[in-house]
Amino acid sequence: MALKARALYNFQSENKEEISIQENEELVIFSENSLDGWLQGQNSRGETGLFPASYVEILRSRSGSNYTDYSSSPVGSPGHDSSLYSASPNPGISYQGSFEDDDDDDWDDWDDACTVVEEPRSAPGTNGHPSPSLPCPAAYGHHQHAGYRPKPALERQDSMGSSKRGSVVGRNLNRFSCFVRSGVEAFILGDVPLMSKIAETYCIEMGSRGPQWRANPHPFICSVEDPTKQTKFKGIKSYISYKLTPSNFNSPVYRRYKHFDWLYNRLLHKFTVISVPHLPEKQATGRFEEDFIEKRKRRLILWMEHMTSHPVLSQYEGFQHFLCCRDEKQWKLGKRRAEKDEMVGASFLLTIQIPTEHQDLQDVEDRVDAFKAFSKKMDDSVLQLNVASELVRKRGGFRKEFQKLGNAFQAISHSFHMDPPYSLDALNNAISHTGKTYETVGEMFAEQPKNDLFLMLDTLSLYQGLLSNFPDIIHLQKGAFAKVKESQRMSDEGRMDQEEADGIRKRCRVVGFALQAEMNHFHERRVADFKRMMQSYLRQQIVFYQRVSQQLEKTLRMYDNL
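Residues numbered from 1 in each chain as written. Predicted model: local features only at pLDDT ≥ 70, side-chain atom pairs only at ≥ 80, totals over all residues. Heavy atoms only, no water.

## Observations regarding the side chain of Ser432
Next up, step 1: With respect to the helices and strands, Ser432 occurs in helix α9 (residues 425-447).
Next up, step 2: On the basis of relative accessibility, which here comes to 13%, the residue Ser432 falls in the buried class.
Next up, step 3: Only 3.1 Å separates the side chain of Ser432 from the side chain of Gln410, close enough to count as a polar contact.
Next up, step 4: Residues contacting Ser432, with those up to four places away along its chain left out, are Gln410 and Ser413. (Helix = DSSP H or I, 4+ residues; strand = E, 2+ residues; numbered from the N terminus. Buried < 20%, exposed > 50% of the residue type's maximum accessible area, 1.4 Å probe, protein only. Polar contact = N/O pair within 3.5 Å; in protein donor to acceptor, adjacent residues only side chain to side chain. Contact = heavy atoms within 4.5 Å.)

Rendered as structure tokens:
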């Protein structure tokens, strides 16, 4: 049955299935049961399509309730199970499904093609960050709302509960927006509840170049060694294990790639405003080939270096558990504890303590814009260098060219042997040896990439992943800036309490400080990594050409006594 409704906010359509609506516009709703947080209806211009359920109120007759306001509801409509995009009413509250019912939780029983945290029915969030619906047990085969218990007595971040609820800042519930899906919008608007006790804290300090993460008080490194092929089920199943030895524990543990993959998904889910380094790519075939195993080991070493050097990621309890736990029972308990962590996504922002120094938001925005332009240019140049380096690697340097040159010298030598009266064996042998020398040089060029190009390619691959994270992280900051400007405008117009607008500005500062700290850490690592990469490349090139020079000098001396 069609229902009348009124638009609470403006909404601009972004694809052909959606329609635009204007604030206070009268609408016709075809059904009040929303689909993944969207309603289907018709606007005053006769256009039919979808628009966010939270942007409208359904008008009812006086005999019934005045209206149904979806703006304070979960993404799905009341009483309607929308498992694809549904999230908890408050991003700070996670679904507490029972993982204890999952008896088949032995890590060794996982299929190699799967991970603990899978997203079989929804696309991943932008920037690699998963959708807020991921914490729910539906991902583990349980009904989405099974065992859900909202926590009582959770305190809101601001006084919005007692303020004028009709004058809140408009929400962008475009389901494709990472600003919404990450929960940062809810944090900025004060809709993430404060926990009674926050066990973890990450501090940002003011350094010489601006905000920076406080260093890990217990720094450490971790080696990745000895990739070993192992089997189970009497040889039916095979896998590669890696020996990890953290310096702060000094006792090795053995992990498979899917263990790394589980940890990576936990990191993406928890650290919304941090550029988590990407894992080396998966490969469907040839997983046990020597070259692939060696390549994955090299890239896992770089990944581990970035993890242990990051002041926040290195202190994450799940990471420490991954590196140090050796007991199978404790491993399972720690794994489940990490999966039930409530301080993830938007709630992670509650763990950040920022300096008291004032920062003008316009200055912050300018700094972010400059970094955005820099990261885009660097991303393009990294791709260009990566393509050029891969071309050299695949062609084997000048291997074919030197082989052709060597064959040509050999042909000259053979032709000189064809007229014995005028043949000079010493010259013929010298020319023949020259040809063989250039063939050897060609082989040296073919083998050289493993000495100089591999580190460069591995580093470039790592930074391609890091740089690909930043556009969406910057988008979170841009969304926060927009909310601050909108709230201040509404306050100036008398449609919002100044206290509420100040709360939005304060929470925007948290996001801004976190992004700037992440930018500074990125630059610090970039300088160290590219310095090492270029020094290693040039040293290996010098050694290589010295070896080539020695081969040519040895051949040259054969002509001295002719």
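## Considerations on the sheet that holds strand β8 (residues 210-213)
Next up, step 1: What the three strands build is an open sheet, ordered β8-β7-β12; its pairing is mixed. In this open sheet, the two strands that pair with only one neighbour each are β8 and β12 (352-353).
Next up, step 2: Of the pairings in the sheet, the one linking strand β7 (residues 202-207) to β8 comprises four bridges and is antiparallel in character. By the bridge assignment, Gly207 is partnered in β8 with Gly210.
Next up, step 3: Along the sheet, helix α11 (residues 498-556) contacts β7, β8 and β12; its crossing angle with β8, the most-contacted strand, is approximately 80 degrees. (Pairing = 2+ DSSP bridges. Axes fitted to C-alpha atoms, helices over the stretch in contact; angles between N-to-C directions.)

## A look at the nonpolar core
Next up, step 1: In terms of nonpolar packing, the biggest core is built from 88 residues, with Leu244 and Met304 touching the most fellow members.
Next up, step 2: In terms of residue count, helix α10 (residues 449-492) provides more of this core than any other element does, 15 residues in total.
Next up, step 3: In this structure, Leu244 is in contact with Cys222, Ser223, Val224, Ser251, Pro252, Val253, Arg255, Phe260, Met304, Phe322 and Leu323, ignoring residues within four places of it in sequence.
Next up, step 4: Membership of the second largest hydrophobic core comes to 17 residues, among which are Leu3, Ile21, Leu27 and Tyr55. (Core = buried A, V, L, I, M, F, W, Y, C linked by side-chain atoms within 4.5 Å.)

## Section: the confidence of the model for the protein
Next up, step 1: Chain-level statistics for the protein give a pLDDT mean of 79 and a share of 78% at 70 or above.
Next up, step 2: Within the protein, no element has a lower average pLDDT than strand β6 (residues 67-69), which sits at 46, and none a higher one than β8, at 96.
Next up, step 3: Scored below 50 in pLDDT, residues 63-156 makes 204 contacts in the model with residues more than four places away or belonging to other chains.
Next up, step 4: Within the model, the stretch residues 158-167 combines pLDDT values under 50 with 19 contacts to residues more than four positions away or in other chains. (pLDDT = per-residue confidence, 0-100.)

## Let's talk about the pairing of strand β10 (residues 237-246)
Next up, step 1: Of all 10 residues that make up β10, nine are buried, and the element is covered over most of its length.
Next up, step 2: Judged from the nine bridges that link them, strand β9 (residues 222-232) and β10 form a sheet pairing that is antiparallel. In the strand pairing of β10, Val224 is matched with Leu244.
Next up, step 3: Between the antiparallel neighbours β9 and β10 lie four residues, among them Phe233 with a positive phi of about 55 degrees.

## What to know about the packing of helix α7 (residues 361-395) against α10
Next up, step 1: Direction vectors running N to C along α7 and α10 enclose 155 degrees, while the axes themselves pass 8 Å from each other. Here α10 runs roughly antiparallel to α7, going by the angle between their axes. Here α7 runs over α10; the crossing is left-handed. (Parallel < 35°, antiparallel > 145°, perpendicular 65-115°, else oblique. Left-handed = near helix turned anticlockwise from the far one by under 90°.)

## Section: the environment of Leu466
Next up, step 1: Mapped onto the elements, Leu466 comes out in helix α10.
Next up, step 2: Placed 91 residues apart in sequence, Leu466 and Ser375 show a C-alpha to C-alpha distance of 9.8 Å.

## Here's the deal with the sheet that holds strand β11 (residues 253-256)
Next up, step 1: Ordered in space as β9-β10-β11, the three strands form an open sheet in which the pairing is antiparallel. At either margin of the open sheet sits one strand with a lone partner, and together these are β9 and β11. Between one strand axis and the next, the sheet turns by 35 degrees as a mean value, whatever way the strands run.
Next up, step 2: This element, helix α3 (residues 257-270), spans β10 and β11 of the sheet and lies at about 80 degrees to β11.

## So, the pattern of salt bridges
Next up, step 1: In the structure shown here, the tally under the stated rule is 27 salt bridges.
Next up, step 2: Taking the shortest distance from any N to any O, the salt bridge between Glu57 and Arg6 comes out at 2.3 Å. With Glu57 in strand β5 (residues 56-59) and Arg6 in strand β1 (residues 3-7), this pair connects stretches of sequence that are 51 residues apart.
Next up, step 3: Given the relative accessible area of 6%, Glu57 is considered buried.
Next up, step 4: Residue classification places Arg6 among the partly exposed residues on the basis of a relative accessible area of 27%.
Next up, step 5: A salt bridge links Arg299 to Asp458; its shortest N-O distance comes to 2.7 Å. (Salt bridge = Lys/Arg side-chain N within 4 Å of Asp/Glu carboxyl O.)

## Quick look at the packing of aromatic side chains
Next up, step 1: Tallying each qualifying case throughout the model produces 25 aromatic pairs.
Next up, step 2: With centroids separated by 5.8 Å and ring planes inclined at 75 degrees, the aromatic side chains of Phe260 and Trp303 adopt a geometry described as edge-to-face. Highlighted residues: Phe260 in helix α3 and Trp303 in helix α4 (residues 290-309), separated in sequence by 43 residues. A single burial state applies to Phe260 and to Trp303, both of which are buried. (Phe/Tyr/Trp six-rings, centres within 6.5 Å; stacked < 30°, edge-to-face > 60°.)

## What about helix α8 (residues 399-416)?
Next up, step 1: Taking 1.5 Å of rise per residue, 18 residues should cover 26 Å, and α8 covers 26 Å from first to last C-alpha, within 8% of that figure.
Next up, step 2: Along α8, the residues that are buried comprise Phe402, Gly406, Gln410 and Ser413. Projected down its long axis, α8 shows its buried positions confined to an angular sector of 80 degrees, all on one face. Turned more than 90 degrees from where α8 packs its buried face, Lys400 and Lys404 sit exposed. (Expected span 1.5 Å × (residues − 1). Arc of directions from axis to C-beta.)

## Concerning the packing of α3 against helix α5 (residues 317-324)
Next up, step 1: At a minimum axis distance of 10 Å, the contact between α3 and α5 shows a crossing angle of 170 degrees. Considering their axes alone, α3 and α5 lie roughly antiparallel with respect to each other. Crossing hand, α3 versus α5: right-handed. Of the residues in α5, those in contact with His259, Phe260 and Leu263 of α3 are Gly318, Phe319 and Phe322.
Next up, step 2: The residue makeup of the contact of α3 with α5, split by class, is four nonpolar, two polar and no charged. (Nonpolar A, V, L, I, M, F, W, Y, C, P; charged D, E, K, R; others polar.)

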